[in-house]
Amino acid sequence: MDMSLKQLVPVILFLYLKNLSSGHSCGIIIPESPSVELNTEFTATCILFDHCKLQFKTSFAKDIFWKFKQHRVPREQYRRINDSAVSVTVNYTSELENPLTCNVLLYSQLEQNIYGIFIKSGFSPEKPSNLTCILYQDNMELSDSISCSWTSGRPTLMPTVYTLKAETSFNAFRNQTNSNSCELKMVTVPIFVNMVFSVEASNVLGIAVSDVLVSDPVYLVKPSPPVIKKFIAENDFPNYLMVQWEHPLPSYIMLFKYNIRYRPKDTDVWTEIPENDTSSYIQTFSLQDLSADTKYGVSVRCMNSEGKGYWSDWSKEAFQITPEAKPSKKLDIWRVIGPADASGKRIIEAVWKTLPHFSANGVIKVYNVQVESLKTKDFFSYNVTNTTERLHLSEKEPYRITIVAYNSKGKSPDARIVIPESNNNTESSPVESIVPNSLDGQMHVKWKANTARVTYFVVDWCVVSEKGCSLVSWQYENKSSLQTILKGDFKPGIRYRISVCPVYKDISKPCFAEEQYFQENCPKVGPSIIKSKREKNSVELEWELISVDKLNGFIKNYTVFYKAAEENENSITVEPQDRKVTLNSLSSNTMYIVHVMASTSAGGTNGSQFTFTTLKYAPGEIEAIVVPVCLCFIFIVVIGMLFCFNKREMIKKHVWPQVPDPWNSTIANWLPNSPSQSNVSPKEPVCPEGSITNFSVIEIGLCDSKSFTDEYNKDSLKKGKYTSDEHSSGIGGSSCMSSPRQSVSDSDEGDSAQTTSSTVQYSTVVPSNYRGQGHLPSSTVFSRSESTQPLLDSEERPEDQHSYGNINTENGEHLPQSIDQDTRKQKGSYFKRPKPINEDSLLKLHQIEIAGQSSDSFKFCSTEDGGLPSSNDSDALHVDSSTSPGMHMDLESSEKMSYMPQLSGYRPQ
Amino acid sequence: MATGFSDSEQARRDHLSKATSLARKVHKDAKEMQEIYRQKQGLSEEFSYDEVDGIPSSGVSKWNELSDEERLRANASAFHSLHCFLGIVLKEQREDLTPEDGEFHEALLSLLAQVETLAESTKQLLLMFGHVPPSNGISSPEQDLTYFKKKLRGYKVLLELSTWALRATRDFTKLQKQSTRITSTMAAPAMRSASRQKNQKKRGGYGR
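Residues numbered from 1 in each chain as written. Chains lettered and ligands numbered in written order. Predicted model: local features only at pLDDT ≥ 70, side-chain atom pairs only at ≥ 80, totals over all residues. Heavy atoms only, no water.

An unreviewed UniProt entry annotates chain B as Ciliary neurotrophic factor of Erpetoichthys calabaricus. Recorded in UniProt for chain B, the comment headed Subcellular location (unreviewed entry) runs: "Cytoplasm". (UniProt positions renumbered as here; feature names shortened; annotations may be inferred.)

Under an unreviewed UniProt entry, chain A has the name Interleukin 6 cytokine family signal transducer and belongs to Erpetoichthys calabaricus. According to UniProt, the comment filed for chain A under the heading Sequence similarities (unreviewed entry) is "Belongs to the type I cytokine receptor family. Type 2 subfamily."

Below, the structure is given as structure tokens:
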């Protein structure tokens, strides 16, 4: 049961509300369409209709609530009128949003709207002010409408209508608008009768009427601009122009006063003629004191002569050119005096400025230049068309230069200047000092001067460059003015030389000049280092002077920046007059990078980088080392030489042993058939000390037939056996001076063993025969050799040349050569002066010989096969090669070596 | 404004000046319109316009013998009557004589407005000088005129209007002079009224 009731309640409530909303409104809000002035109190009342009273079981007055859109109005602002009417009062502001609704709360939870209204809000209009009306001119009549405007005050935020009214005593006109201006259209605007103007502003919140404007419409006229009919010049009056115009309206309507202005066409500055001169009702006017040959423009305007109404716009400008007149002012002239040449003439450049238009009074056609010598009274004149004239005048005479300008109407007053004779600068200038200064974008110049004999000053300025100083301009100054502002276009970064020149009675006096920049800039280029003088720990740098064209300012200082690798950069500042600096405390043998910055007041500019390396040694340091060393060396050498000199014999003995000359050998006189005679050595005295040098015994084996050789040696030694002890003064004795080359010693085994260390070297020449010959040749040659060298083999056997590696392998055709030739050849080939040797070299030599012999052993044999000279040939050295197909050397078997008797005589060649 | 005049005197002088200017303008405009009318209607100056009745005649033989009030009253009455006649002329031009010439009608309308203003101004002057303005009861113009007579009457109205306006100008100027003379004897600095024509074509010069 409870559940069914709970389910039915929403249904019943829905049906009930549906019934309410679908029927007539249950109430109304009064006023229904209100317009409310903002920030004022507004009251609305909600009234519940009777037919709904029964439906609201609850108290309407209790459950009602007001809302502005979603925002409830506080209940404190409600006022209960009766059970079915409740009002609300609010201070209506623009923040309150529409709509305003009247609502009730049913069953304490369901909001039900009764009614709603939309409120229009705004302000009532303020009183219009500043009502002004204008009656325009239409062609040659007055317009048939009057335009009025006013200030409407604050915005009303709602539609507001402005009604403009114009009334005469017998007529009235009106018009409406929503803006603050309006036009009153009439059949014809009544004039010469007062008209009352007013404007009324009205909206739903109120009405406001402006103050009335009472005026005859003829006093509200803004006439059209007068039309200029003529603007004419009269030929005889170059400073006069006449303008003529038409009145904009007939005089029976109104009279006018006028206002006239004019200007030269090329300017925008108007000259206005005072109103008092044109306040009358005039139609022509003469403009006077105008510049000749100038195009002028003129314009006129007008208004009611009584000053009531409005000025017309300026008329369309009319133009006219004044006639030409002769130049009114003299030329502005100056001079530039150049140095005198060898002939005593100097270049005087007379310069002058073109006359300004207001002075030229026309087109200048020509300039007349007159030059007069004040000494000789010589005079000449001519015409030029440009504004400079170069004159070659003697420096010994003063000249007066007069320049006159001509136009079509005449000539200008004379402009003169006197060039005094050159006094070699002995005359001092009345100007004591000048101070040029750039200030506020202008070049100011102040100077001090004795003005007693000065008529006026001329201040000139020229641009300083490497080529000289080119004049820019000049200006005249009164003698009383000791300062001025130069009227010229000065550019930054340009050096100007400003001169103040006093002039006395047209005679220019010496000038006083100073240089100045209008504005300094950074130098265009930095200084480049041109010289450097390096030391071990310092360097002297010198840089070039920057050209004045690139300076852009006065050098305040130079800053030298230098830096070694991986070190901080250092700098040093140098005064501007110095262009060199010495950098000290540098590291030796170090590369530095340096650049110089030239600074003006505007900043600095870096020059190119310069790299140098400091010296490793200071000057003289090397000499200090080298000289003592050399001296020591020389000293040691001298000492050594003295020592050698004192010990020269000993040195000679050890280093330069005397080698006997085989050519001078007396062995030629030695009888080969008497070996015993060989014991008498003609060379014995050659070895004075008789000392026995070391020698070694070389056993020369012929081919492999050692046995044969040994046998032969035994046989030969049986015939003449020598021991070194026994024949120490013999042939072998001469070998004391021989080279370390081993020689063959012919001795017994036992002897050789005994004399190995202290015997004279001997050579043993083994004679040979043809292979296979069973007997020893009877002509066995036993040749002397004082040397241990095997040269004797060579001497007597040219084949040995071949066997020792001579590339000139000779065949049988060449073999029969004279002994002389053979000997010489062998001298050249083998008999070289032996070098001092030691044991090592000696050993090496042995090895070389051994190698050579062993390698050439076969050849040795074959050459013998090629044919040897017969044993009968006394000059030939016969070697029995039949039993010695090769040569065998054995150092260890030196005991087998023997001295072989020379079979054939050895003859001096 | 310290002119020495009382406000009423100043207002009267001011009104008198305006009325003078207005009368001059009406004279000029009526004269101009008279010529235009003659050309438009093809009338000859040799025609006699004496046949047209009812239009107040400006011709007087003893004008100098009239008082200021009489002259003002005559002007006021004449301009009121001419205003009525001019209105009829405009109507006849619109309806019958020159129905297509709107510009001409506009000009006539403009003149009509000025005549009305002049009539009112003259009436105001009478009041200002303490006189009673004439009543507006005049005989109504004759309506059933022939076409030609309508043309003649129109011209006659413009002719008389021009003449009356010139006469009014003289009357008002005379009154101005009298007022100035009286005031100058009574008050110190007399305010000279405009003698504007004398200033015409004055050449001026300006020295720079």
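Moving on from the coordinates now.
Draft legend 1. Local environment of the interface of chain B and chain A. At the interface, 29 residues of chain B touch 35 residues of chain A. Both faces combined, the contact of chain B with chain A buries some 2800 Å², and carbon together with sulfur accounts for 57% of it. Applying the counting rule to chain B against chain A returns one salt bridge. A salt bridge links A:Asp216 to B:Lys18; its shortest N-O distance comes to 3.0 Å. Residue composition of the side of chain B that touches chain A, by class: five nonpolar, ten polar and 14 charged. (Contact = heavy atoms within 4.5 Å. Buried area = accessible area lost by both parts, 1.4 Å probe. Salt bridge = Lys/Arg side-chain N within 4 Å of Asp/Glu carboxyl O. Nonpolar A, V, L, I, M, F, W, Y, C, P; charged D, E, K, R; others polar.)

Draft legend 2. Seen up close, the sheet that holds strand 3 (residues 40–48) of chain A. Residue and element names in this part refer to chain A. Pairing in this open sheet of four strands is antiparallel, and the strands run 1-3-7-6 from one edge to the other. Among the strands making up the open sheet, the edge pair consists of strand 1 (27–30) and strand 6 (78–82). The sheet shows a mean angle of 20° between the axes of neighbouring strands, taken without regard to direction. (Pairing = 2+ DSSP bridges. Helix = DSSP H or I, 4+ residues; strand = E, 2+ residues; numbered from the N terminus. Axes fitted to C-alpha atoms, helices over the stretch in contact; angles between N-to-C directions.)

Draft legend 3. Representation of the state of the cysteines within the structure. Residues and elements named next belong to chain A. By the definition in use, this model includes four disulfides over all chains. Two residues share a disulfide in this structure: Cys501 and Cys511, whose sulfurs sit 1.9 Å from each other. In this structure the cystine formed by Cys501 and Cys511 twists about its S-S bond by roughly 110°; its chirality is therefore right-handed. Residue Cys501 is found in strand 40 (residues 495–504), and its partner Cys511 is found in the loop between strand 41 (507–508) and strand 42 (512–517); the two are separated by ten residues along the sequence. The thiol of Cys630 is unpaired, and the distance to the nearest cysteine sulfur, on Cys632, comes to 9.2 Å. According to the relative accessible area criterion, Cys630 is partly exposed, its value standing at 36%. A residue is classified by how much of its surface remains accessible, and Cys632, at 46% relative accessible area, is partly exposed. (Disulfide = S-S within 2.5 Å. Buried < 20%, exposed > 50% of the residue type's maximum accessible area, 1.4 Å probe, protein only.)

Draft legend 4. Representation of the UniProt feature "transmembrane region" (unreviewed entry) in chain A. According to UniProt, the positions carrying the feature "transmembrane region" (unreviewed entry) are residues 625–645 of chain A. Within residues 625–645 of chain A, the helical portion is 100% and the strand portion 0%, while the C-alpha atoms at the span's ends are 30 Å from each other.

Draft legend 5. Inspection of the side chain of A:Ser499 at higher detail. As for its placement among the helices and strands, A:Ser499 is situated in strand 40. On the basis of relative accessibility, which here comes to 9%, the residue A:Ser499 falls in the buried class.

Draft legend 6. Representation of the confidence of the model for chain B. Residue and element names in this part refer to chain B. Residues with a pLDDT of 70 or more make up 77% of chain B, whose mean pLDDT is 78. By mean pLDDT, the top-scoring element of chain B is helix 3 (residues 102–128) (89), and the lowest-scoring one is strand 1 (residues 203–206) (39). Across residues 188–208, confidence stays below pLDDT 50; counting only partners more than four residues off in sequence or on other chains, it has 47 contacts. In the predicted assembly, ipTM is 0.79 and pTM is 0.56. (pLDDT = per-residue confidence, 0-100.)

Draft legend 7. Spotlight on the packing of helix 2 (residues 68–97) of chain B against helix 3 of chain B. Residue and element names in this part refer to chain B. In contact at an axis separation of 9 Å, helix 2 and helix 3 are set at 160° when each is read in the N-to-C sense. Comparing their axes, helix 3 and helix 2 come out roughly antiparallel. Crossing geometry of helix 2 relative to helix 3 is assigned as left-handed. Of the residues assigned to the contact of helix 2 with helix 3, the class counts are 16 nonpolar, seven polar and five charged. (Parallel < 35°, antiparallel > 145°, perpendicular 65-115°, else oblique. Left-handed = near helix turned anticlockwise from the far one by under 90°.)

Draft legend 8. The pairing of strand 7 (residues 85–92) of chain A, seen in detail. Residue and element names in this part refer to chain A. Of all eight residues in strand 7, six are buried; the element is thus mostly enclosed. Where strand 6 and strand 7 come together, four bridges link them in antiparallel fashion. Counterpart to Arg79 in the pairing with strand 7 is Ser87. The antiparallel pairing of strand 6 with strand 7 creates a hairpin that spans two residues between the two strands.

Draft legend 9. Layout of the environment of A:Val300. Residues and elements named next belong to chain A. Note on placement: Val300 falls in strand 25 (residues 295–304). Expressed as a C-alpha distance, the spacing of Val300 and Glu272, which sit 28 residues apart in the sequence, is 9.8 Å. Excluding residues that lie within four positions of it along the chain, Val300 makes contacts with Pro226, Ile228, Trp245, Tyr258, Asn259, Ile260, Asp313, Trp314 and Ser315.

Draft legend 10. Representation of the side chain of A:Arg263. Residue and element names in this part refer to chain A. Mapped onto the fold, Arg263 is located in strand 22 (residues 256–264). Arg263 sits in the buried class, given a relative accessible area of 14%. In this structure the side chain of Arg263 is engaged in a polar contact, spanning 3.1 Å, whose partner is the backbone oxygen of Thr267. Residue contacts for Arg263: discarding those within four places in its chain leaves Asp268, Val269, Trp270, Lys295, Tyr296, Gly297 and Glu317. (Polar contact = N/O pair within 3.5 Å; in protein donor to acceptor, adjacent residues only side chain to side chain.)

Draft legend 11. Molecular detail of the environment of A:Lys556. All names here are of chain A. If you trace the backbone, Lys556 turns up in the loop between helix 5 (548–551) and strand 45 (557–564). Put simply, Lys556 and Val574 are 18 residues apart on the chain and 9.2 Å apart in space, counted from C-alpha to C-alpha. Once you skip the residues sitting within four places of it in the chain, Lys556 turns out to touch Pro576, Ser599, Thr600 and Ser601.

Draft legend 12. Spotlight on the packing of aromatic side chains. All names here are of chain A. Inspection of every chain in the model, using the stated rule, returns 20 aromatic pairs over all chains. Between Phe237 and Tyr240 the ring centres are 6.0 Å apart and the planes differ by 55°, which places this aromatic pair in the tilted class. In this structure Phe237 comes out as partly exposed when scored by relative accessible area, which is 45%. Through a chain of ring-to-ring contacts, three or more aromatic side chains come together here, namely Trp461, Phe490, Tyr496 and Phe518. Note that Arg72 overlies the ring of Phe65, its terminal NZ or CZ placed 3.8 Å from the centroid. When the ring centre of Trp270 is taken as reference, the NZ or CZ atom of Arg261 above it lies at 4.0 Å. (Phe/Tyr/Trp six-rings, centres within 6.5 Å; stacked < 30°, edge-to-face > 60°. Lys NZ or Arg CZ within 6 Å of the ring centre and 35° of its normal.)

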